[in-house]
Every structure is written in C-alpha cells, then in structure tokens.
There are 2 protein chains.
Amino acid sequence: MSNSCFATRLSHFLALTPAEEAALARLEDKERQFERGECIRHQGDPADELFIVRKGWLYSHLELDDGKRQILRINFPGDLVGTSSVAFGNASHSLTALSDGVLCPFDRRALAELFEQHSRLATLLFLISQAERVAMDDRLASLGRTDAKARIAALLLDIVVRHRIMGDGDLAEVEIPMTQEDIGDATGLTSVHVNRMMKELKRDGLILRERNRVTILDEGRLVDLAGYINRYAAVDTSWLPAPEA
Amino acid sequence: MSNSCFATRLSHFLALTPAEEAALARLEDKERQFERGECIRHQGDPADELFIVRKGWLYSHLELDDGKRQILRINFPGDLVGTSSVAFGNASHSLTALSDGVLCPFDRRALAELFEQHSRLATLLFLISQAERVAMDDRLASLGRTDAKARIAALLLDIVVRHRIMGDGDLAEVEIPMTQEDIGDATGLTSVHVNRMMKELKRDGLILRERNRVTILDEGRLVDLAGYINRYAAVDTSWLPAPEA
DNA sequence: CGATATTTTGATTCATATCAAGGTGGGTGG
DNA sequence: CCACCCACCTTGATATGAATCAAAATATCG
C-alpha cells in the first residue's frame, strides 16, 4: 500500500498501477496542518488549489446573506475537497475543520497534468465526482421531501457509512465532532429541534448518545426511517479501460 | 460553428480545436426522439449510456418510497445528462421529458475514449461537472435555509439564466412547461403553497404569469429575494493547458 | 474555579401542509 | 359543434411540524 491517502481511497474502486500510484502520491507533496474550528478557506477567497484530506474531519458550508448557514458536506481522510476552485478562480463555499488534521494542497494545474498523463485516472475521478453528485441528489431529496427525524437519520447514516469506507473505526459507532447546531445547519433545522428529534431517536432505540459519540443501534430501522440508499456500495468501475502499459 | 450541440455548449467556455469538435460530434452520432411526459429512463433501470440533449426540456427526479417526488434539475439543449450511469451500472434517478425533443445517447466507454484522446476536454468536462455541483450546493442551501418565496424565485432564476446561456429565446421571458405541482416537487413545497406564493410574486410586481409563460419583471429584486448567485458567469477556464497540436 | 459553549426543557408563534370544494381551459369523442 | 372530461389552478378553513423565545442545566476549557 502506498502512503498516499488519495491512492488508498481510489484503490477501493480500482487496482492501481505503480505509475498511477506515483502520480497520485505527487499530489500529496505538500502538507498543511489545521486545527479544530479553523477556517481553511472562506467563500469568495481567491483559490486555485484543491486539497486532499489526509487526517481529520472538515465540512464545507455556505454562509447566506442573512447570517444563516448551510452545511453541504462532511469530509473525511481520502476525500478530494475544494474542487470548486477548478471551475472558478475562487472558493464557492467555506471550508472549516471539525477536528485537528492534515491536508495536502496542490494547484489545479497539477490536476490537468494528471488528466493528461493518466486518462484512466481522469475517468475514475470523473466517475467518483458523479457518485458524489448522486449523494448530493439524495441530500436534496432528504431536505426537500422528508421530515426532521428522517433528515437527521440520513445525515448520521451518511457519516457512518462513509467513515466505514476508510476502514478506520468501528462498524456502527462514531465519535461525531459536531454540535447539535452543526447538525441543524446540515439538515436545515434549528438546534432546538435537532435536540428533540435526537432524543426521540434515542427513546425509540435507534441510536445511543453520550457526549458527541453516537452509536447506531438499529441500522436497519434507521435506514427505513431515512429512506437511505448506500450509493457507495454500488459503484461500478468494471467498464474502465485497461491501465496503460 | 459545428452542428454538435455539445460542442456549441463547450465552446462557450473554451475555443475548441477542429479535432476536439470532431471528437465531440461523434458522441452525437445516434439520435432518439422523445415526447412530452415520456419517461426516458426510470430510476433503477440498468443503464450504461449517457445523453446529450439536443432539443427540448427534461427533468431528473427521485421517487421516494412514500410516493413523494423530488425534482433534482431541469435540463436544456447542450446539457449532458444521465451521467450517474458512469458511476453505477444503473440509473440513480428518473429522467422525464417536459417537452417534445431529441437526445443523443452514447455508451460510457465512448466517454473513456474521449478522455484518453483529448485530455483537455476531460479536464473541461470535470471542470463543468464541478460547476454543476456548485449549482447543486446552492439548491441545497435554498431548500435548507430559505423560505417558500425565495425557493421559487431561485428556481425561476436558475431556469431563466441557464436558458439564456444557450442564447435561444428572450432575456427575461420563458415559457416554462411545468405545472405548479412540478415546481413544488422541485422546491420541496406543495402545489397549493406554490400557487399562493407565485400569486404574491405577481402581486409584488416581480413576475408576470399567463398560462405557463413566466416573465421576470424585476430581476434585481428577484435575485435579492432568492439570494441567487449566477455561478455560470464566473466559470474560469484560463488555466487549462494549451490544446494539443 | 470561573467563564463560556452547548444541551435541554417549556411555552408560544408561524410557515407551510392538509383537506376540501369550486373554477378554468383545452382536448376529445359523440 | 357541443358537451363532457380531465388536468390544472384557485381559494378557504383547519391542522401541524418546526421555529422562535426564554431560561435553566450541564459540559468543556483555560
């Protein structure tokens, strides 16, 4: 196994060649530490870098005119973040640390170079970005068409399931370093209502809470409640061309 | 100008070489007609094709367990749709026609081939898919953190602005072939409430309605109300490598 | 240990859903 | 060409889930 976080993630989808691994590792040449609560990048900032998360959790969020906030996505090690700077010269959303950690910044030109030299990786990255868009579709339906309890359930499941992919940590138990206000900003609810709904989820035996550690007790029922679909389980890379010699 | 709808769209972002144009045109070899109301593809269907929309409007939507529906996105000529079949062997969402039209299906392997032969186009397609993800982020914030009137305003603006990009039709006036129920399913509201809010938008002099033709009367105030950001105006392709010889 | 952030709880209000009933227009078949 | 039908829009009355306001309880941090 390579020491590249990103290569490790991608190898879950596809067996990589040594040349591909090396090219990916090059994206992680530089390192930058961050601290819990730190704002890594603010929306509107000029930005021509993207980041690979090596360690720690982040979230991306939009700040609206009236001071409201929408959390878009929670990010884990192995995630590629800040990708909107590929399309715009500046950050479309803010990026804030949920825990201490490390990320690896690289210039968007390095991405173009990667696409030039490794078209199979380019296709894979496009494929993964489509899978992530589908996850976003599910979130949209969650906010648009389900009630508070289902939205919270869906958020918790998404976090647990994606956390599980990277293999670290237990199956159903995660320390989620988010306040109830954060959860509200991710689900479109107030912290007060998040509190009440999580109490009900606990009363109904679906989850357990102590501190900000959340344990999924009955994943099946939670999946039903949320209408959750695990998209990551169904990713299909079988059609990709053979690696270049 | 080439007769490829997709090349025309992409040339709004970047001057294409003849070789690139030819490669894009090849994606539109096949044609398929569709009729208003027709379901082009249903969620869960096996799918290894994507589509370029040549003519007409479509929408993608999720159907939830309880019969509710979330409309994800309205699609116009020049759009690349059905991209989730790149990541999965089947359709993650349904695709339904809002009007009669024509689309061009092609196999996902053709995409891999394009990425192999034209890395600059690969980078451009990745870039555009990031811009579309950002538009999705805005929609998430709209549903999660704004009220009914703002959501409807944002939807109307998004439709008008994206429609304008392709240059067909007038500046502010569009015939929107959606029922109020459709608008509700796109904004996470009921058709009854859509009706009341659109009446207010009309009363306040922001829009005009007759039949399903909607005219934006005061785009500035509508933008303020919705907190709308025109992301398409800010796409930056200046950093892409020079075209291959 | 005090200070500050977060969670919890209760009372009240509000935006939007739900239910129900007409109204309108356009398309179709007799 | 008319009459009916069906999909869609409109309007009113009522219900409800979540927001808001306020304050106390608890955890966390320096």
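The structure this text deals with has already been given above.
Presented here is an overview of the structure given in this document. (Residues numbered from 1 in each chain as written. Chains lettered and ligands numbered in written order. Predicted model: local features only at pLDDT ≥ 70, side-chain atom pairs only at ≥ 80, totals over all residues. Heavy atoms only, no water.)

### Some remarks on the interface of chain A and chain B
Our working definition: Note on contacts: a residue pair is in contact if any heavy atoms of the two residues lie within 4.5 Å. A quick way to say it: buried area is the sum, across both parts, of accessible area lost when two parts are put together, with a 1.4 Å probe. For salt bridges, the criterion is a side-chain nitrogen of Lys or Arg within 4 Å of an Asp or Glu carboxyl oxygen. Definition of a polar contact: a pair of N or O atoms within 3.5 Å, with one able to donate and the other able to accept a hydrogen when the atoms are protein atoms, and with sequence-neighbouring residues admitted only if both atoms are side-chain atoms. Going along the chain from the N terminus, every DSSP run of H or I of four or more residues is numbered as a helix, and every run of E of two or more is numbered as a strand. Lys, Arg, Asp and Glu make up the charged group, whereas Ala, Val, Leu, Ile, Met, Phe, Trp, Tyr, Cys and Pro make up the nonpolar group; the residues left over, Gly among them, are polar.
With 54 residues of chain A at the interface, the matching set in chain B holds 54 residues. Around 5000 Å² of area is buried between chain A and chain B when both sides are counted, 67% of it from carbon and sulfur atoms. There are 4 salt bridges connecting chain A and chain B. Among the salt bridges present, the one from Arg108(B) reaches Asp236(A), with a minimum N-O distance of 2.8 Å. At the boundary of chain A with chain B, the tally comes to 19 residue pairs in polar contact (both at pLDDT 80 or more). Taken together, the elements giving at least two residues each to the side of chain A that touches chain B come down to strand E5 (69–75), helix H3 (84–87), helix H4 (108–117), helix H5 (119–145) and helix H7 (180–187) of chain A. The biggest single contributor to the side of chain A that touches chain B is H5(A), with 20 residues. Here the residues of the side of chain A that touches chain B are counted per class, giving 25 nonpolar, 15 polar and 14 charged.

### Quick notes on the environment of Gly220(B)
Residues and elements named next belong to chain B. Spelled out, the test is: A simple rule labels every residue: compare its accessible area, found with a 1.4 Å probe on the protein chains alone, to the largest value its type can have, and call it buried under 20%, exposed over 50%, or partly exposed in between.
Among the secondary structure elements, Gly220 is positioned in helix H9 (residues 219–226). Taking relative accessible area as the criterion, Gly220 reaches 42% and is therefore assigned partly exposed. When the C-alpha positions of Gly220 and Phe76 are compared, they lie 24 Å apart, and in sequence the two are 144 residues distant.

### Some words on the protein's contact with DNA strand D
In plain terms, the rule: In these notes, residues near a molecule or strand are those with any non-hydrogen atom within 4 Å of it.
Around DNA strand D sit 16 residues, and of these Ala148(A), Arg211(A), Gln180(B), Asn195(B) and Lys199(B) come closest. Counting only the atoms of DNA strand D within 4 Å of the protein, the fraction contributed by sugar and phosphate is 76%. One nitrogen or oxygen atom from the side chain of Lys199(B) is found 2.9 Å from a phosphate oxygen belonging to DNA strand D. Put simply, the parts of the chain that give the surface near DNA strand D at least two residues each are helix H8 (191–203) of chain A together with helix H8 (191–203) of chain B. Counting residues per element, the surface near DNA strand D draws most heavily on H8(B), which supplies 4 residues. Among the residues forming the surface near DNA strand D, the class breakdown is 4 nonpolar, 6 polar and 6 charged.

### Focus on the protein's contact with DNA strand C
Surrounding DNA strand C, one finds 16 residues, the nearest of these being Gln180(A), Asn195(A), Lys199(A), Ala148(B) and Arg211(B). The share of sugar and phosphate among atoms of DNA strand C within 4 Å of the protein is 72%. One nitrogen or oxygen atom from the side chain of Lys199(A) is found 2.8 Å from a phosphate oxygen belonging to DNA strand C. At 3.1 Å, a side-chain N or O of Thr190(B) approaches a phosphate oxygen of DNA strand C.

### Topic: the pattern of salt bridges
Scanning all chains against the criterion turns up 47 salt bridges over all chains. Close ionic contact of Arg231(A) with Asp138(A) constitutes a salt bridge, the shortest N to O distance being 2.8 Å. Taken together, the residues Arg231(A) in the segment after helix H9 (219–226) and Asp138(A) in helix H5 connect sequence positions 93 residues apart. A relative accessible area of 12% places Arg231(A) in the buried class. Here Asp66(B) makes a salt bridge to Lys68(B), at a shortest N to O gap of 3.2 Å. Connected through shared salt-bridge partners, Arg9(A), Asp79(A), Asp158(A) and Arg162(A) make up one network.

### Digging into the packing of aromatic side chains
As a reminder of what qualifies: Aromatic contacts are taken between Phe, Tyr and Trp rings whose centres are within 6.5 Å, Trp giving its six-membered ring; a plane angle under 30 degrees counts as stacked, one over 60 as edge-to-face, and the others as tilted.
Under the definition given, this model contains 4 aromatic pairs over all chains. Both rings, one in Trp57(A) and one in Phe76(A), keep their centres 4.7 Å apart while their planes meet at 85°; by these two values the pair is edge-to-face. With a gap of 19 residues between them, Trp57(A) in the loop between strand E3 (49–55) and strand E4 (58–63) and Phe76(A) in the loop between E5 and strand E6 (80–81) connect regions that are remote in the sequence. With a relative accessible area of 8%, Trp57(A) lands in the buried category. Both rings, one in Phe126(A) and one in Phe115(B), keep their centres 5.4 Å apart while their planes meet at 70°; by these two values the pair is edge-to-face. Of this pair, Phe126(A) sits in helix H5 while Phe115(B) is found in helix H4 (residues 108–117), placing the two residues in two different chains. Among the residues examined, Phe126(A) registers a relative accessible area of 2% and is labelled buried. Given a relative accessible area of 0%, Phe115(B) falls into the buried group.

### Overview of the pairing of strand E4 (residues 58–63) of chain B
Residues and elements named next belong to chain B. The condition that has to hold: Two strands form a pair only when DSSP identifies at least two bridges running between them.
Most of E4 sits inside the fold, with 5 of its 6 residues counted as buried. Relative to strand E5 (residues 69–75), E4 is paired through 6 bridges, and the arrangement is antiparallel. Bridge pairing in E5 links Ser60 to Arg73. Between the antiparallel neighbours E4 and E5 lie 5 residues, among them Gly67 with a positive phi of about 90°. In terms of strand pairing, E4 meets strand E7 (residues 94–97) through 4 bridges, oriented antiparallel.

### A closer look at the sheet that holds strand E9 (residues 173–175) of chain B
Residue and element names in this part refer to chain B. Short version of the rule: Note on definitions: angles span 0 to 180 degrees between N-to-C directions of axes, and those axes are lines fitted to C-alpha atoms, for helices only across the stretch in contact.
One open sheet holds the 3 strands; their spatial order is E9-E11-E10, and the pairing between them is antiparallel. Edge positions in the sheet fall to E9 and strand E10 (207–210), since each has one partner strand and no second. The sheet shows a mean angle of 15° between the axes of neighbouring strands, taken without regard to direction. Pairing between E10 and strand E11 (residues 213–216): 4 bridges, direction antiparallel. Opposite Leu208, over in E11, you have Thr215 as the bridge partner. Lying over the sheet, H8 contacts E10 and E11, oriented at roughly 120° with respect to E10.

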